[in-house]
Amino acid sequence: MRKAMAPLLVTILAVFSAQQLLTPVLAPLSRELALTETQLGLVITVAAASLTVASPLWGQAMRRLRLRTVLMLGLGLAAAGLAGFAVVATLGLDGVLPPPVTLTLMLVTRSVVFGVGLAALPVAALTVAGLATTGEADRTRATGLVGAAQGLSLVLGPAGGGALAVVSLLLPLYVAPAICALLAIWVLATVRRGPARPPAGAPRGPRLRPWDARLWPLFAIGFCVFLSLGLVQVVLGFLIADRLHVDPQATAGGVGIALAVTGVVIVGVQGALVPALGWRALRLIRVGTPIAVAAFGLLAVAHSLWLITVAFGLLGVGLGLAMPGIVAAPGLLVGPEEQSSISGLVNAVIGSTFIAGPLLSTALYELAPVAPVLAALAASATALALAWLSPAARHARAEADAIAAP
């Protein structure tokens, strides 16, 4: 399992770190470009929509194309999208492009092209995790490692982006596509040509649907948990700037600190604690979601950088526990012939939360700065209620037990 997952974990870590380089500078950059909070939310929302639509398609592609081909296509699109975004932002700051044109081109580059490319990578990683593991413990451990790689990107990316932003707000925008391009060269040289596919001759089951009775409760729980993160992540820069009354560089640094702490906690929880605990997927969800609820409650009243950072650290504990269970559980209900399809659906569910989340979050922020935090609290509380009260969730656990039984 480790040998199969290693290049994918490196790819996930590098690309998501490149994406997170932009996080500390998006809020101050949008204000320098004369874009509103809602317009910035639209950029993130369209990117999430692109990822959501593309994920099931990448899942189908994984049944036909070699793993290396999928990775190269995804990395090429990601690098092209980020490079285009850097050029557009530069021209916008120089006054060459008016704000409406800048926004339109940002939607094309950062949202559509990059979003489609990014979708390929977690779908590939989850597919390989599903095919290279047997049993719930191994599957949860593998998906936890994917989550830990993404969590580590929250450490490296925002910290690096915050440091680069001290030199220039544009510098992270140019470093990000360079990382993707270098990674594509590494993948071409090191990843073997063999396919990551179901065993030869494996029967293909009926096409999976998100509303499948076996799957919908798990998807609903995952949607609520990831939506809660999307509701606060985009407005973190605005929260720090407006609550602490600091300049753009200090805002970028504060965002970097808070997200770096979150990433360290997520990495520790998913990479060490979850494997050590050996809990079932549903138990991880039931323990993690109330911790997330408490974190959002603290964030709602936090008016200092250290308290905001503590809230995000606590959120890292809750999400670090819940996310491996959310990602692993659907794959336990299907056979090896459907692992690529279920991976595409899981990634689509996660991506869909960032369609509604950022746009709703920034719109709520314009009404009242605390509103998106309270909405995140409500979303995580809904996930907790579904995990404990939904008969369908209990039925999903029973099916997983039956499949896991020898």
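Residues numbered from 1 in each chain as written. Predicted model: local features only at pLDDT ≥ 70, side-chain atom pairs only at ≥ 80, totals over all residues. Heavy atoms only, no water.

A. Seen up close, the overall build of the protein. Counting its secondary structure elements, the protein contains 15 helices and zero strands. Counting the 406 residues in the protein, one finds 58% classified as buried. A separation threshold of at least 6 residues defines the contact pool for the protein, and within that pool the share at least 24 residues apart is 87%. (Helix = DSSP H or I, 4+ residues; strand = E, 2+ residues; numbered from the N terminus. Buried < 20%, exposed > 50% of the residue type's maximum accessible area, 1.4 Å probe, protein only. Contact = heavy atoms within 4.5 Å.)

B. A look at the packing of helix α3 (residues 37–61) against helix α13 (residues 339–367). Contact pair α3 / α13: the axes reach a minimum separation of 7 Å and the direction vectors enclose 170 degrees. Viewed along their axes, α3 and α13 adopt a mutual orientation that is roughly antiparallel. For the contact of α3 with α13, the class distribution of residues is twelve nonpolar, 14 polar and two charged. (Axes fitted to C-alpha atoms, helices over the stretch in contact; angles between N-to-C directions. Parallel < 35°, antiparallel > 145°, perpendicular 65-115°, else oblique. Nonpolar A, V, L, I, M, F, W, Y, C, P; charged D, E, K, R; others polar.)

C. Highlighting the pattern of salt bridges. Summed over the entire model, instances satisfying the criterion amount to one salt bridge. Between R31 and D242 there is a salt bridge, with the nearest N and O atoms lying 3.9 Å from each other. Here R31, found in helix α2 (residues 23–32), pairs with D242, found in helix α9 (residues 236–244); they are 211 residues apart in sequence, far enough to count as distant. A relative accessible area of 40% places R31 in the partly exposed class. (Salt bridge = Lys/Arg side-chain N within 4 Å of Asp/Glu carboxyl O.)

D. Geometry of the confidence of the model for the protein. Residues with a pLDDT of 70 or more make up 87% of the protein, whose mean pLDDT is 83. Taken as a whole, residues 198–203 scores under 50 in pLDDT and shows seven contacts with residues more than four places along the chain or in a different chain. (pLDDT = per-residue confidence, 0-100.)

E. Expanded view of the nonpolar core. In terms of nonpolar packing, the biggest core is built from 113 residues, with W58, L67, L71, L173, L236, F312 and L315 touching the most fellow members. Considering each element in turn, this core owes the most residues, 14 residues, to helix α5 (residues 99–132). (Core = buried A, V, L, I, M, F, W, Y, C linked by side-chain atoms within 4.5 Å.)

F. Broad picture of the packing of helix α12 (residues 305–331) against α13. At a closest axis distance of 9 Å, the pairing of α12 and α13 adopts a crossing angle of 145 degrees. Taken as a pair, α12 and α13 cross one another with a handedness that is right-handed. From α12, V327, P330 and G331 reach across to α13, where they touch Q339, I342, V346 and I350. Tallied by class, residues from the contact of α12 with α13 come to five nonpolar, two polar and no charged. (Left-handed = near helix turned anticlockwise from the far one by under 90°.)

G. Main features of the packing of aromatic side chains. In the structure shown here, the tally under the stated rule is one aromatic pair. With 5.9 Å between their ring centres and 40 degrees between their planes, F238 and Y365 make a pair best called tilted. Of this pair, F238 sits in helix α9 while Y365 sits in helix α13, placing them 127 residues apart in sequence. For F238, a relative accessible area of 1% corresponds to the buried category. Taking relative accessible area as the criterion, Y365 reaches 6% and is therefore assigned buried. Directly above the ring of W388 sits R286, whose terminal nitrogen or CZ lies 4.2 Å from the centroid. (Phe/Tyr/Trp six-rings, centres within 6.5 Å; stacked < 30°, edge-to-face > 60°. Lys NZ or Arg CZ within 6 Å of the ring centre and 35° of its normal.)

H. Here's a closer look at unusual backbone geometry. For A34, which is not a glycine, the phi torsion comes out positive at approximately 65 degrees. Mapping A34 onto the fold places it in the loop between α2 and α3. We note that H245 has phi near 55 degrees; this positive angle belongs to a residue other than glycine. Assignment of secondary structure puts H245 in the loop between α9 and α10 (248–277).

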